Structure formats: structure tokens, C-alpha cells
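Take a look at the letters that make up each chain.
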Amino acid sequence: MPPPTVPDRSGRPERPETDPTAPAGRRAEPAEADPAGRRAEPRSDPAGRRAEPAERAERRRNGLGGKAPPEEQAGLDRRGAGHRPRRVPRQRRGGTGGPGRAPLAVAAAVAAGWAALICYLPVAAVLGAARLADGGDLAGAARLGLAGWLLGHGVPLQTDAGPFGLPPLALAMLAAWRLNRAGVHVSRAARVRERPTAGRALAVAGAVGIGYGTLGALAALLLGGGGPSAAPLRAGWTLTAFGTVAALFGALRASGLLVIVARRTPLVLRDGLRTGVVAALLLLGAGAGAAGLAVATGGGEAADMIGAYRTGLLGQAGITLVSLGYAPNAAVWAASYLLGPGFAVGTDTAVRTSEVSIGALPAVPLLAGLPQGPLGGVGGAVLAVPVLAGMAAGWLLARRRMRSAIERNAAPPGWAPLIGAAAVGGPVAGAVLGLAAFLSGGPLGGGRLAEVGPAYWQVAAGGTVVVLVGTLIGAVATRAIGRV
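What you see is a predicted model; the values in this text were computed from it and never measured.

**Some thoughts on the overall build of the protein chain**
Phase 1: From N to C terminus, the protein chain includes 15 helices and eight strands.
Phase 2: Expressed as a percentage of the 484 residues in the protein chain, the buried residues total 36%.
Phase 3: Considering only contacts in the protein chain between residues 6 or more positions apart, those separated by 24 or more positions represent 69%.

Quick look at the structure:
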């Protein structure tokens, strides 16, 4: 029996109220209007179910259960009245005190404190072990750790034997690395990369430096007057400058300003800076090898010096670790020895390839590998090491420039830019080596040990001349041969 129809006002029958193909008792879905005025069939998927609207399907895929978010539901309910969904305002990410973000002072204080703790703990462990093995207490071991921590940053200590200002460069390198990371972390917390400016990077570095300098002044105050002591004002400004410089490199790198400055620097100057730093590092590496070889050949004497302390196994291990903390100092001294100026181990002493004049030395294992006399015969070949380091840096410079030209399908690099970059590398290497020599020296007490280390201005001058000659030879020879 056909289903009943409902006539419209014109008397023509309309579509049945129920779909003949649908199950009994189920009403047909209302038809959608066609743009031409005809009624369209309801859209359905292949399984016969009616398709969901696009917005609801999208919400279901996003895990919202087909419902609009609460902030849009009110707008959807009022859509028939001509209202639009209300938009939730987005939180601003700029500024210095936005939600979910630590202020600059708090972030800098936390980063500086963490860097100080990471550097203090190994010093306290090593020196505290030696102090406890000598019959000291925990308080004295902690104070000795603070003194060693300050000394590692270049703060001179006042002792009964006189001023002690020879910093262990291994600890200084660790502190510089941690403060560099502190600058990176604080820059990210302050979102300097969103608006990278030199002023914001300096603000980050200054905040970290002030926090680190405050900790240094507090450490000097805790030392007091008994035993090794330090001036709080000197400790404060020294650690402030140290922390600011180290954190500035991290802030510039994290903000992208370092890349911007490098791209704006002329190519000749940029290549010269890189070549000079590479030559200085090669020369310092050669010095480290020479120092290690000298200590290895004098290993028996070094072992006798360590055994003479009679502090037990724990104390002797602490003395060995302290000597390792001064290993970078020995590498710089050996590089100065290879360059020619040499170094001093007290007033009116000299250790050079042409002269060795030393007196009575303290029982320090690191001094066991000192040469006994001037070099002669085959030993004089080590004087060619600095020139070879400069030649290697010049070869790397020409090789890099020629490969870059090949990748760009350009002509080989001209002689003028290549020679200019090699010429810049000499003074840069001299400046790096002179700075390393300046940081590696200091007094070991009063009297004849008040001067220990190389003369930095002689190292800077010798490094400039030797590296300049070596880089020019290496760059010109590589460019003339034309092989990469």
C-alpha cells in the first residue's frame, strides 16, 4: 500500500512524509534546499548515515566530541540573532613580566647561583679531601673550597706566606663555560631573540654578572681573616667582570646577534679572525703536548714529590687533582717556551730554549718536568713548531676559500684578499696568546716566588711575528699549488 501524501495548497501531491526505502517508523531526513529552488536530497555517507557538518566533524577529530568550545558556544547559540562568536583575546608574548615568565633579575640570580654551585662543588671536594686527610674539619674544608673557588676566577688570596694569585685555568675554563650557558638560559627566559638588540643582550649579561659578583663578595666575607682570605670588594668586581664577559657571549649567541655581526663583518677580517684563533689553538695544543711529554719523562720525580707530603692516599689524590687543575697553565707556559720568550718560576729566573736559570723550587709535581738546560742538537727542531702551526692555519684558510669558490662556481680567490686575511691572522693569534699568558701567571707567595709565568707582552709580540710568517707561507703555497 503506497504511503499517504500530503497535498499542498495548489492541490499537487508532495513527497511522502516517510521514505519508502527507510525502515518502518523512521522519518526521512529533511531535504536541503537547492540554490535553484529545487529540494536536494540529504547528504549521507556510503553507510547510509547522514554526514555531519564540516565544523562538527572537525571538532570531533580534535577530540572535542562534536561540541564547540565553551567560549564559542554562547556565540553559536546567538547566531540566529545576528551575533558573531566571541573571540578569546590572545595573551601578549612581549614585555618583561608576562604570564608564565620569570623576571630578568630572578632568572639571572638562579642561573648565576647554579653556575657558582657547579664550579664550587668539585673544588670543595678536591681541597676538602686534602684538608680532611690532614686532620681538618668540615668547616675548614668548606672555607678552603671557597678560597680555591675565588682563586680560580683570578682573585688573589692573602696567606701567611704572602699573596697567592696563580689561578688554576682549568677551573676558570669551567666557570666561563657555565656562565656562557647561564647567558643562554637567561636570554631564552627573557625572550631576547624576539627583539634582538645589543642593549637587551647587555642587560642579560650585566644581570648575570651582578648576581655572580654578589656571590663572590659573600664568599670573601665568609672566608673571614683566619687562613686564606680575600678582599670582598676585589672579589665582587672581579667576579662581576668575569661573569658579565662570559655571559655576554652566551647572550649574543642565543639572541642571534653574533651571527648578524659576523655577516656584517668584512670577509677579509672575518677570515683573518678565524685564522688567528685557529693558529693560536694549534700552538697551545702543541704546548700541551710538550708539557705532557715533559711531565711523563719526569714522572718518577713527580711521584716522589707527591709521596713527600705524607697525607695518605686521599690527600695524595687531592694533590694530584690540584696539579691537573693547573695543566692548562703548563700548556701556556710550554707554548711560550716554544715561541722563544719562555717563562719564569721566580724572580731573576728564566726557562727558555737558549737558557735555563732556576733556583730552589717548591715541591710541586707540575714543576717536575722543567728542562735542565738549553736545547741543542735535535732538540732545536721544536723551534719550528710555531711556524708549522701558522702554516697549518694558512693552509686551512686557502683551502676553505678555494672550496667556497668551487661550490659557487666562481673564480679562485684573488691574491689580495687571501694575503690580507693571512696578515690579519698574525696579530689576532698574538693577542690570543698574550691574553692566555697574562691569565696563566701570578705570584706563589712573597719573596722570590712573587713572579711565576711568562711575560705576556713578549709572548704577544713573538706570537704575532711567528704566526704571521707561517700563515703567509701556508696560504700562498696552497693558493699557488691550487689543490684543495
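**Considering empty space enclosed by the protein**
Phase 1: Evaluated as defined, the whole model comprises one cavity of 30 Å³ or more.
Phase 2: Of the residues forming the lining of the largest cavity, the biggest block, three residues, is contributed by helix α4 (residues 138-152).
Phase 3: For the lining of the largest cavity, a count of residues per class yields three nonpolar, one polar and two charged.

**Remarks on the pattern of salt bridges**
Phase 1: Taken as a whole and judged by the stated rule, the model has two salt bridges.
Phase 2: Between D271 and R401 there is a salt bridge, and its shortest N-O distance comes to 3.1 Å. Of this pair, D271 sits in helix α9 (residues 267-297) while R401 sits in helix α13 (residues 385-407), placing them 130 residues apart in sequence.
Phase 3: Look at R401 and you get buried, because its relative accessible area is 14%.

**Observations regarding unusual backbone geometry**
Phase 1: Of note in the backbone geometry, R191 takes a positive phi value of approximately 55° without being a glycine.
Phase 2: A relative accessible area of 24% means that R191 is categorised as partly exposed.
Phase 3: Phi angles above zero are rare outside glycine, and D348 is one such case at about 60°.
Phase 4: Within the secondary structure, D348 sits in the loop between β5 (344-345) and β6 (350-351).
Phase 5: Take D348: its relative accessible area is 78%, and that puts it in the exposed class.

**Observations regarding α9**
Phase 1: The terminal C-alpha atoms of α9, which comprises 31 residues, lie 45 Å apart, in line with the 45 Å expected from a rise of 1.5 Å per residue.
Phase 2: Within α9 the residues assigned to the buried category are D271, G272, T275, G276, A279, A280, L283, L284, G287 and A291.
Phase 3: Residues of α9 that are buried make contact with α12 (327-339), α13, α14 (415-440) and α15 (456-481).

**Side note on the side chain of R479**
Phase 1: Secondary-structure assignment places R479 in helix α15.
Phase 2: Despite its burial, R479 remains without a salt bridge, the nearest opposite charge being carried by D271 at 12 Å.
Phase 3: Sequence-distant contacts of R479, defined by excluding residues within four places in its chain, comprise A398, M402, P412, P413, W415 and L418.

About the criteria used
- Residues numbered from 1 in each chain as written.
- Predicted model: local features only at pLDDT ≥ 70, side-chain atom pairs only at ≥ 80, totals over all residues.
- Heavy atoms only, no water.
- Helix = DSSP H or I, 4+ residues; strand = E, 2+ residues; numbered from the N terminus.
- Buried < 20%, exposed > 50% of the residue type's maximum accessible area, 1.4 Å probe, protein only.
- Contact = heavy atoms within 4.5 Å.
- 1 Å grid on protein atoms, 1.4 Å probe; cavity = no way out; pocket = protein on both sides within 12 Å on 5 of 7 lines; lining within 4 Å.
- Points joined across faces, edges and corners; volume = space filled by probe spheres on them.
- Nonpolar A, V, L, I, M, F, W, Y, C, P; charged D, E, K, R; others polar.
- Salt bridge = Lys/Arg side-chain N within 4 Å of Asp/Glu carboxyl O.
- Expected span 1.5 Å × (residues − 1).
- Lys, Arg positive; Asp, Glu negative; His and termini not counted.

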